[in-house]
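# Survey of secondary and tertiary structure
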Amino acid sequence: MDTGKTYIFVILPLRLSWEPCYIAPEETATGDRVKVVFAGKEYIGVVSGTGVEPPAATKKISEILSVEKDLDRIGEKEISFWRQMASYYLCSVGEVYKAAYPSVKMDASRQESARKKAGRLKARLERLEAMIPRARSAKGRYEEEAASLRMEIKSLENGYSPVRMPVCSPVRLSPAQAEARDSIHAAFGKGSPVLLSGVTGSGKTEIYVSLAINALNSGGNVLYLVPEIALSRQMEERMAGIFGPFLRVFHSGITQAAKREVTGFIRSNRYIILGTRSSLFLPNDNLSLVIVDEEQDTSYKQDSPAPRYNARDAAVMLARLHGASVIMGSATPSLESLYNCKNGKYSLVTLEERFHGAPDSDIMVIDTISERRKNGMVGSFSRKLIAEMRERLDRGEQVMILRSRRSWAPAVQCPECGKIFRCPHCNIPLSLHKGPSGERLRCHYCGHSAPYTGICPDCGGSLIPLGSGTQKIEEEAATLFPDAVVARLDGDSAQDREYMKRTIDGFAEGKINILVGTQMVAKGLDFPNVTLVGVISVDSELYNDDYAASERAFDLLTQVVGR
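Values in this document were obtained by computation on a predicted structure and should not be read as measured data.

### Some points on the environment of Thr 276
Turning to its location among the elements, Thr 276 is positioned in the loop between strand E9 (272-275) and strand E10 (287-293). C-alpha of Thr 276 to C-alpha of Leu 480: the two residues are 204 residues apart in sequence and 37 Å apart in space. When near neighbours in sequence (up to four residues on either side) are disregarded, Thr 276 contacts Leu 225, Val 226, Pro 227, Glu 228, Ile 229, Phe 250, His 251 and Ser 252.

### What about the pairing of strand E15 (residues 398-402)?
Among the five residues that make up E15, five are buried, leaving the element largely enclosed by the rest of the structure. Of the two faces of E15, the one carrying Gln 398, Met 400 and Leu 402 and the one carrying Val 399 and Ile 401 are both buried. Sheet topology places E15 next to strand E23 (residues 530-535); five bridges connect them, and they run parallel. Paired with Met 400 across the strands is Val 533, a residue of E23. By the bridge criterion, four bridges tie E15 to strand E22 (residues 514-517) in an arrangement that is parallel. Looking at E22, one finds that Val 399 is bridged to Ile 514.

### Quick notes on the sheet that holds strand E19 (residues 449-451)
The sheet built from three strands is open, its strands ordered E17-E18-E19 with antiparallel pairing. The open sheet has two edge strands, strand E17 (431-435) and E19, and neither has a second partner. Recorded for the sheet is a direction-independent mean angle of 35° between the axes of neighbouring strands. Taken together, the five bridges between E17 and strand E18 (residues 438-442) define a ladder with antiparallel strand orientation. Looking at the pairing, Gly 435 lines up with Gly 438 of E18.

### Describing the nonpolar core
In this structure, Phe 81, Trp 82, Met 85, Leu 223, Ile 273, Leu 280 and Tyr 309 are the most contacted members of the largest nonpolar core, which totals 49 residues. For this core, the elements supplying multiple residues, two or more each, are strand E4 (41-50), helix H1 (76-88), helix H2 (93-100), strand E7 (221-225), helix H9 (256-266), E10, helix H10 (311-322) and strand E11 (325-330). If you tally residues by element for this core, the top one is H10, at seven residues. Leaving out residues up to four positions away in the same chain, Leu 223 has contacts with Ile 273, Ser 279, Leu 280, Asn 284, Leu 287, Leu 289, Val 290, Ile 291 and Leu 318. Counting 31 residues, the second largest nonpolar core, distinct from the first, contains Tyr 224, Val 226, Leu 247 and Ile 272.

How each quantity is defined
Numbering of residues starts from 1 in every chain and runs along the sequence as written. Local features in this predicted model are restricted to residues whose pLDDT is 70 or higher, and side-chain atom pairs enter the listing and the counts only when it is 80 or higher, whereas totals over whole chains, interfaces and linings include all residues. Each side-chain value is worked out from all heavy atoms of the structure, with water and hydrogens disregarded. A run of DSSP states H or I qualifies as a helix once it reaches four residues; a run of E qualifies as a strand once it reaches two. Both are numbered from the N-terminal end. Note on contacts: a residue pair qualifies if any of its non-hydrogen atoms lie within 4.5 Å across the two residues. Categorising residues by exposure relies on relative accessible area from a 1.4 Å probe, with only protein chains included: less than 20% of the type maximum marks a residue as buried, more than 50% marks it as exposed, and the intermediate range marks it as partly exposed. Should DSSP find at least two bridges between two strands, the strands are regarded as paired. Helix axes are fitted to C-alpha atoms over the stretch in contact, other axes to C-alpha atoms as well, and angles between N-to-C directions run from 0 to 180 degrees. Within this scheme, the nonpolar core is defined by two criteria: the residues are buried Ala, Val, Leu, Ile, Met, Phe, Trp, Tyr or Cys, and they are joined through side-chain atoms within 4.5 Å.

So, in structure tokens, the structure goes:
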């Protein structure tokens, strides 16, 4: 080997059980991003070791193409976290690296100097600013992207100057909340993760904020995880007034420019990140506190692609690497977390008193089969529910309707031959969706889609929809209450970020009278004027293909009662 060269191991964004060895300049350090050729393609990899002994079986070792000085170095704790994730969730380190730094960040052909990138972004900003005055429905999205571009251009030209923020003022807690906070501090002192089990409306968020303020004032950083993007949007507004310039939001719904701004900001500032599970892979540093809100939520689970992880458990791994405290909270803690409390891994703190001493909600169970026999149903709504809704709306109050199935109908069937249309890949019933482009049958697992003709291809009979989804519930509610403003929030409508923000803000401001939605409307959202929640076909929650279906049903009902 030539003088001034050294052997290095490189992590590539590939599913490899080993780390390729390359030759690099001696000054190359662990964490540097390097451009290399592997199997005839160029990749941006991360140096995971320097001065190493090359594998004995390797016949030829290539040199790296370059050290990417324009890209930030990966910290040792980041790489350690990737290795733990790969080991625990049985995948490769490269797959974790790819999840942490997606292809848009790693494509070697796209890497540019800061000056060239700033020039390119300025040209894009000019085009956006010219489009905004003529935009209609997308105007809000364009303005959001333009603001993100301005921040990124400023950071590329001037670097990130540390934010100087005065000491945060403490929040006022009730006696019960203060007692719970003191118990949490005591558990933190023992190095134990804490499970905060508090009834809905008990003020768990105020405790989280109090702990976060203490962490920031002590010079540390905070990672605040929430399960849903919709929940982070409302939480952002509440927390922006408390943490000001220290607050950053990170989830899949923000633009790539905004993601780069967040990544650059936290490398040189104290911060509190409010985000979904992907926030775990940010270049977190000097973490002092990790908060996992609604820890029981299945949205914390990543099913595909690898790593297939639970963000709640991964957050505990990350906190241990940083020596940070962990608090997980829920009104319906998962059985796994309760078991960890029982065997001493976690400390349990309970909060059984509602904030302001609010009473328990009244619950009415309606037997829709019996009601249907005596003409007590109008579509999916019982006449009793309709009467309760009318009473609330006449008083100027708001109503939420929960139906855990998105679509117009969860299945379609031919009454002549009995055929139920199923996904050819997953063998589950296809759901009927209605939209501007027409009616289609869709699989909610793999995304398979087919046009809906209404005619059975086997016998020529007329197909009938079975059951009701959020689309149908929305239509029925609008027909039953023509004077009310009805909106829907589910996995389909929430794909439009502007619509989701407009819907949540509109309901919070009282502009929307009835909100129909799936589980995302049941989690942690706070609407003071909601006095009635209706749950349609609640027993269907017990028949999901999940061993924990009954637990999930209990969680969902308890959460929605708390709204």
